[in-house]
Structures are given as C-alpha cells and as structure tokens.
Amino acid sequence: MADDSSFLSDDLIRQLISVGEVDLLVGIPSHNNAENIVHTVEAVEESFQSAFPRQRVVIIDVDMGSNDGTPEAFLKPVTRKGASARGLTSLRTEHRVVARCENAAPATALRTIVATADLLRARACAVISAATSNLTPEWVGNLLQPLYRQDFDLVTPLYSRQRFEGLLARILLYPMTRSVFGKRIREIHSTEFGFSGRLATNCTNLDLWHEPAIQDLPQTSLTLTAITSDYRCCQSFLGPKLRPSAGHAPDIVTAVRQAVGALFWSIDANESYWMGRLGSEAVTTFGPDHEFTDETIPVNLDRTFELFRSGVEELSPILKTIMAADTYAEIQKLASLDERNLCFDNALWAKTLYDFAASYHHSLLNRDHLVQALVPLYRGKIYSFFLQHAASSSAEIEADSENLCLEFERQKSDFSERWKLRSEVTT
C-alpha cells in the first residue's frame, strides 16, 4: 500500500495542521504561471463566496519549481472586484496553502492534492489548471456542486469546442474508453475535474503514483480508477475551452505519447474489470454533452499527410510487428493513395487502435516506442477527418463521432480475443 502522508513535506504538514478539517478543497498545479494565477485564485474565491459561503475551504497551490514568483503571486491578497461590488462575503475563513515540489511530475502534484484532501477530510475537491486563462467562478461551482450537494464521486468537464478541436479526445480517447470501460465519459484527461473525499481516500491506498506511463497525465488513471471501482461519475458542462498558448500546448507526438500511454497502461491494469463487458451506458450529465462553435483553426494538411505517409514507410518493420497482417496491409494501401483519396474509415481505425492496445499488453516491443509508432497513423486519421468534414455541419460531425464509438463497441469482442492470445512476433 502507498502511504501518501509520508511523502508530504514537513512544511506542508505544518500548514495543513493550521488549516484543520475542510469541506471544500481546490488544488492548482502550477509551473511559471505568475501572470495567470491571480486570476485563477480570484475565480476560485468568488465561487466560494457566491456558492459556498458557509463551508470551510482551502486552496492549495502545488508548485513544480516555478522561477517567476508564482507561489508569491498565489499568496498575495486578492482584490475582489466583482465579488465586493455584489456584496458577497464568506462566513468561513479561506485558507491558502503552498506545496513546493521542485522538478516534480504532474503525478506528484496530483498525488499531493489527493493526499491533502484525504488528510483534511475534504468532502469535495476540484483540480484547476493555472494555465486556464478563461476560468470563471461558474466553472469551479460546476465541478464542486455535484460532489458536495449530490454525492457524486467524480466530475469530468465538458467544453464548447471548435469543430476541429479536441480531436485526440474525440477520435481516440473517448471512443476507446467508452467501448473498453463501458462509460460514456468524453474527457478523461482534462486539466479540470473534481473528485470526492471518498475517492481521494481510496486513491491514497493505490500503488500507481510511480508508474512511468501515468506521470504526465495522472488524471486519466484517477478517472478510470473511479470507473473501475464503481464510484458515482458524472459530467458537467463548463463552457468554451481556450486553446493554450504555445508555451503550454504539447506537440502532437508528446500529446499522443502521454495520453495514449496512460490509457493503454490503465486498460492493461484493469483487465479484470472490462473483460467480458459489452456496450456502454450514459452517465449523468449537467448541461449539454457537447457544443460546437463556428470558430476555425488553421491546419497544415499537406504536412499532416506527408508525415502520415513517410511515417508508415519508415516504421514499416515496427508496424508489421504491432498490427495484425490484414490491418497492416490496409494501412499500407492507405499510405499509397493520392492525398485527395485518403479515407481512414472507422472500422480500420478501431482495428488499428485495438491492435496497438493488444500489442502493448503483450509487450511485443518497448511500450513507449510502441505508443509513439501510433503517431503517424493518428496523423492519417486526422487528415481523413478534415477531408471528410470540411463542409460538414456540427450535427453531421457529432453523428460520425457516435458511429465511430459504436464501431469500437462492435469490435470489442474481437479485441478481447486478441488480448487473450499472445501474438507471434514477426521477424
């Protein structure tokens, strides 16, 4: 068993002793976010004042080695422009705590928040990214209310997206987690989410915090832990999610490596839960379960296609090992087509991802290398998605997304059979 209290610093423990037990906790992982963290704290405190005036509350900044004064900015008194104008006041003391975790991975930051929530016996907790520039008090309330007032254990966010935004979640993470784990939760790796004190206590006793695959996106594992442990899960609509600045946005290789690596590891670790389960069920959703905007984002389609084609050629020996022979043959055929004719259909995409997940399970090669080999194929699927939906309406795109999910569910039985049988390594 993991003893989460033992890794907390003496300084943090002293701060927590002075806080005492709380009802609500908001954790803010940070790294060089001095310019934005004041806005984040303002939004959190205004949410506390307007929605939770009688509750005992604490905000914890888990700083991962900032050198721009982020912790100091976090601790500065907040000038409540909107709150004071409306006469909002709190009947409880609001505490702010700083946990300094130099050069720590995001998993350590989340573990610190979870352990703190457990020690302070918090009933409801939310994690907010310090890089979120358009955070509002309503976001915080929408994450905490279902936990505190309606006894849910996990709240994942829903966002308003541009039609071609959030594709990693829409065409990869959501359909696969929905089919494998059987819950229709759209965002499993967001930087904003909420969890109950019960779930925090459970997670303090799990030996997963040092797993290499989840160090960058530990929230994926926390979400899937909630699902596989039969905690009450829901989704809450927050609103538009602004694209992060270049300094905060990972490149496509890093994004796939982190997100898919965490997902594949969680699938492997929870085999006993999902094996034999078919279909999926909806979870309680507060607000719309999706929303598209008319905003457009620029995409270099020519480069995306070329990286798909060259990647398939360069990684041919590896892909041949990872995928079933018929799947690999179809991928090769796609890579030989003219760019105007590329159609990476839903059935082939589902087979491809299931082949990769099964090969990950069987450890046919280094797992990190395996996940990175998926990147050019993901580029091909993105390119095909743009071609197919260049003139599609939002309703048509959502219908295609649902069809993709249903295709994953149809192929779940075949995936389970391949999972059970170790594939022969082709040399």
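Look above for the structure.
No experiment lies behind these values; they were computed from the predicted model shown. (Residues numbered from 1 in each chain as written. Predicted model: local features only at pLDDT ≥ 70, side-chain atom pairs only at ≥ 80, totals over all residues. Heavy atoms only, no water.)

Turning next to helix H7 (residues 167-181). An ideal rise of 1.5 Å per residue puts 21 Å on 15 residues; H7 measures up with 20 Å between its terminal C-alpha atoms. Along H7, the sharpest change in direction is near 40 degrees and occurs at Leu 173; proline Pro 175 comes one to four residues later. Gly 182 lies just past H7 and shows a positive phi near 80 degrees. (Helix = DSSP H or I, 4+ residues; strand = E, 2+ residues; numbered from the N terminus. Expected span 1.5 Å × (residues − 1). Bend = angle between axes of the 7 residues up to and from the residue.)

We now examine the pairing of strand S2 (residues 57-63). Of all seven residues making up S2, seven are buried, and the element is well covered by its neighbours. In S2, alternate side chains face the same way, and those of Val 57, Ile 59, Asp 61 and Asp 63 on one face and Val 58, Ile 60 and Val 62 on the other are all buried. When strand S1 (residues 24-30) meets S2, the two strands line up parallel, connected through seven bridges. Considered in S2, the bridge of Gly 27 is made with Ile 60. Between the parallel elements S1 and S2, the chain passes through helix H2 (residues 34-51) in a crossover that is right-handed. In the sheet, S2 pairs with strand S3 (residues 94-100) via seven bridges, with the strands oriented parallel. Opposite Val 57, over in S3, you have Glu 94 as the bridge partner. (Buried < 20%, exposed > 50% of the residue type's maximum accessible area, 1.4 Å probe, protein only. Pairing = 2+ DSSP bridges. Right-handed = clockwise from strand over helix to strand, strands pointing away.)

All right, on to the nonpolar core then. In terms of nonpolar packing, the biggest core is built from 100 residues, with Phe 195, Phe 264 and Trp 349 touching the most fellow members. What Trp 349 contacts, discounting residues up to four positions off in sequence, is Ile 171, Leu 172, Phe 344, Leu 374, Leu 377, Tyr 378, Lys 381, Leu 404 and Phe 408. Formed by 31 residues, the second largest nonpolar core is a distinct cluster that contains Leu 24, Val 26, Phe 48 and Phe 52. (Core = buried A, V, L, I, M, F, W, Y, C linked by side-chain atoms within 4.5 Å. Contact = heavy atoms within 4.5 Å.)

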